[in-house]
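# Structural characterization, general
Here are the chains, one letter per residue:
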Amino acid sequence: MTHVASSGRAAQARGASTRAVHAPRGAGRAEARGARAPWRPLRAPSPPRGCRLFASAGPDGRLRVWDTAGSRLQHEYVPSAHLSAACTCLAWAPAGARQPPSKDGPQRKKRKSEVGGEVDKQLDILAIGTAVGSILLYSTVKGELQSKLDGGHDSRVNCVRWHQESCCLYSCSDDKHIVEWNTQTCKVKCKWKGDNSSVTCLCISPDGKMLLSAGRTIKLWDLETKEVYRHFTGHATSVSSLTFTTVKPTNESKPFDGITGLYFLSGAIHDRLLSVWQIRSDRKEKNAVMSFTVTDEPTFVDLTVSEVKEEPVKLAVVCRDGQLHLFEHILNGYCKKPLTSNCTVQIATPGDGDSTPKPVPILAAAFCTDKQSLLLVYGNALQPIIEKVSLNTSESHICLVRDIQKVLSLKTDAAVTKVKTPVVNSDAKVLVPGIPGHSTAVKTPALGKEKKKNKRKPGETEESIEERLGALDIDVSKVKTPGGLPQTDSFAVLLVQGLESNDAEILNKVLNTRKENIVKNTVARMPIHAVIPLLHELTKRLQGNPYSASLMVRWLKSVFTVHASYLSTVSIFHSCPCT
């Protein structure tokens, strides 16, 4: 199952990973909840720039944001307490919302020329509800956590909703309360009890003056007075999704107060019916005016909002069984019989040869700005495939054949081949791995010339190791300290050279030093393969002059301190006489 949050008006389903889609203005979405999964529903307001981003947060606590144009993973964020404070809901900030303050504190005042460039960035703030009651505001533009809202809830956050025209954010929780946040100050603006049990989802009215909340029952609140304006009952289980389906009343002869006459959609857990309610002028509790039936429990719902009387509401419902159901209906009053889908969409793999076609689950679906084409998200939740399709809804059943393995392999190959060759300046000095102090010049190949083949011509002799060592650029005399002694990295190079060539003059110059800091740094910078030869040399010198033996003890002490873990794994060390 998927926990999905999309932009626009939406409601979501309990049961899977959390997802959110940047959707077009005028498109709404509802995400239904799965049954026993540990996730709650979510939804997000829509910016006016089309379905650009798709956000998902699963049981591993990681937030992933994909670019829908190429199914490319754009951001991945892991909260510090992602295992104990997993994400439970998502919501995109709407257009016009002001940027919340940065967690780094107050920033300098921006110039007028810079303010214009911030308009687009304001649309990419993602509110993340967590299982411990806090809310995180994540910026997809900066790729980092913007701010944190704390102190409002003491239990898991079930739903977050942005106000369309202000910097307010509303949230509900298992602690039975609804909290109104000021995202500029990151403080609680108002808090009130929403139900006698958990409040599971929220939805703000089109004019921004009313708030729908749902637990066991659905309540319509006046946001100014925080009083209940209407009650709606009829669901046998906890309500999991809420979203308005109209912005104007169907009866235009009566004066419009901003809420009376509007329709909204709701769904509940373990329920394969999505109910439609109408807000009437009387205060009597009414049943749902109509309902939509699907094959399995909804996990993601998206819809286009009806703005005029004659415009039908288009509904896209993704179910737990991986199918997509499309509805199209004009809301004009009571309808007793549940409405079935106009079109059902499935995705399957091609049946090549003897292989049997396998169904590919659809994870989410969103209407594009033209309200005709759909953005489908299908496949694996950790690596989904995002595709824009135009469907002929006159057919009752559509099966799309997609080879997802081939698509994923092409995406992987494209990612691997994006390798950039660095431009090396002629004055740059590049250090190569190996003995500290060694370096070699990197020659930049001239443009238009072919690479030199690394093959010997017939009759050409291979260079000896002695000639190769001589070609290395090691000049110790150029690296001197004010006291005339080589630096510590040069000591390490000299020590390795003396051990490999068994040169007594070099070894005496290095091992007879009396400065402990030089001894420690030299041992720390020498390569691992020279540790055992150094121990054998120190063992021989311990048996000589007592003054020389006292100096060797300093070297042994540093070797055992720095390379103890390596020596404990080497069998030859256990037979070394110095032990």
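Residues numbered from 1 in each chain as written. Predicted model: local features only at pLDDT ≥ 70, side-chain atom pairs only at ≥ 80, totals over all residues. Heavy atoms only, no water.

Here we take up the overall build of the protein chain. For the protein chain, the count of helices and strands is nine helices and 33 strands. Taken over 579 residues, the protein chain has a buried fraction of 49%. Contacts in the protein chain between residues far apart in sequence, at least 24 positions, make up 54% of those at least 6 positions apart. (Helix = DSSP H or I, 4+ residues; strand = E, 2+ residues; numbered from the N terminus. Buried < 20%, exposed > 50% of the residue type's maximum accessible area, 1.4 Å probe, protein only. Contact = heavy atoms within 4.5 Å.)

Attention now moves to the packing of helix α6 (residues 516-525) against helix α8 (residues 546-562). The geometry of a pair of packed helices is captured by two quantities: the angle between their axes and the separation between those axes. Between α6 and α8, the shortest axis-to-axis distance is 9 Å and the interhelical angle comes to 45°. Looking at the two axes, α6 sits oblique to α8. Crossing handedness for the pair α6 and α8: right-handed. Side by side, α6 and α8 meet where Glu 516, Val 519, Lys 520, Thr 522, Val 523 and Ala 524 of the first sit next to Arg 554, Trp 555, Ser 558, Val 559 and Val 562 of the second. (Axes fitted to C-alpha atoms, helices over the stretch in contact; angles between N-to-C directions. Parallel < 35°, antiparallel > 145°, perpendicular 65-115°, else oblique. Left-handed = near helix turned anticlockwise from the far one by under 90°.)

Ranked by size, the top nonpolar core spans 32 residues in total, and within it Leu 324, Leu 326, Val 345, Leu 374, Leu 376 and Leu 391 carry the most contacts. Elements supplying a minimum of two residues to this core: β24 (313-319), β25 (324-329), β26 (343-348), β28 (362-367), β29 (374-379), β30 (384-389), β31 (397-401) and α2 (404-416). Beyond its immediate stretch of four places on either side in the chain, Leu 326 contacts Leu 315, Ala 316, Ser 341, Asn 342, Cys 343, Val 345, Leu 374, Leu 391 and Thr 393. Counting 28 residues, the second largest nonpolar core, distinct from the first, contains Cys 203, Leu 223, Val 239 and Leu 242. (Core = buried A, V, L, I, M, F, W, Y, C linked by side-chain atoms within 4.5 Å.)

All right, on to the side chain of Lys 219 then. Mapping Lys 219 onto the fold places it in strand β17 (residues 218-222). In this structure, Lys 219 is buried with no salt-bridge partner, the nearest side chain bearing the opposite charge being Asp 195 at 4.3 Å. Here Gly 194 takes part through its backbone oxygen, which lies 3.2 Å from a polar atom of the side chain of Lys 219. Residue contacts for Lys 219: discarding those within four places in its chain leaves Gly 194, Asp 195, Leu 211, Leu 212, Ser 213, Val 228, Arg 230 and His 231. (Lys, Arg positive; Asp, Glu negative; His and termini not counted. Salt bridge = Lys/Arg side-chain N within 4 Å of Asp/Glu carboxyl O. Polar contact = N/O pair within 3.5 Å; in protein donor to acceptor, adjacent residues only side chain to side chain.)

Under the criterion given, the structure shown has 11 salt bridges. The salt bridge partner of Asp 174 is Arg 156, with a shortest N-O separation of 4.0 Å. Placement of Asp 174 in the loop between β12 (168-173) and β13 (177-182) and of Arg 156 in the loop between β10 (144-149) and β11 (157-162) is noted, with a sequence separation of 18 residues between them. Using a relative accessible area of 17% as the deciding quantity, one classes Arg 156 as buried.

With antiparallel pairing, the four strands of this open sheet are ordered in space as β15-β16-β17-β18. Two strands lie at the open edges of the sheet, namely β15 (201-204) and β18 (227-232), each paired on one side alone. Sheet twist, expressed as the mean angle between neighbouring strand axes with direction ignored, is 25°. Where β15 lies against strand β16 (residues 210-214), four bridges are found, and the strand directions are antiparallel. Counterpart to Ile 204 in the pairing with β16 is Leu 211. (Pairing = 2+ DSSP bridges.)

Moving on: α6. Buried within α6 are the following residues: Ile 518, Val 519, Thr 522 and Val 523. Buried residues along α6 cover an arc of 125° about the axis, so they all sit on one side. (Arc of directions from axis to C-beta.)

Where strands meet in a sheet, backbone hydrogen bonds hold them as pairs that are either parallel or antiparallel. Pairing is antiparallel across the open sheet formed by four strands, whose spatial order is β19-β20-β21-β22. The open sheet has two edge strands, β19 (239-244) and β22 (290-293), and neither has a second partner. Strand-to-strand twist in this sheet, taken as the mean axis angle between neighbours without regard to direction, amounts to 20°. With four bridges connecting them, strand β20 (residues 263-268) and strand β21 (residues 273-278) associate as antiparallel partners. When the bridges of β21 are listed, Phe 264 appears paired with Trp 277.

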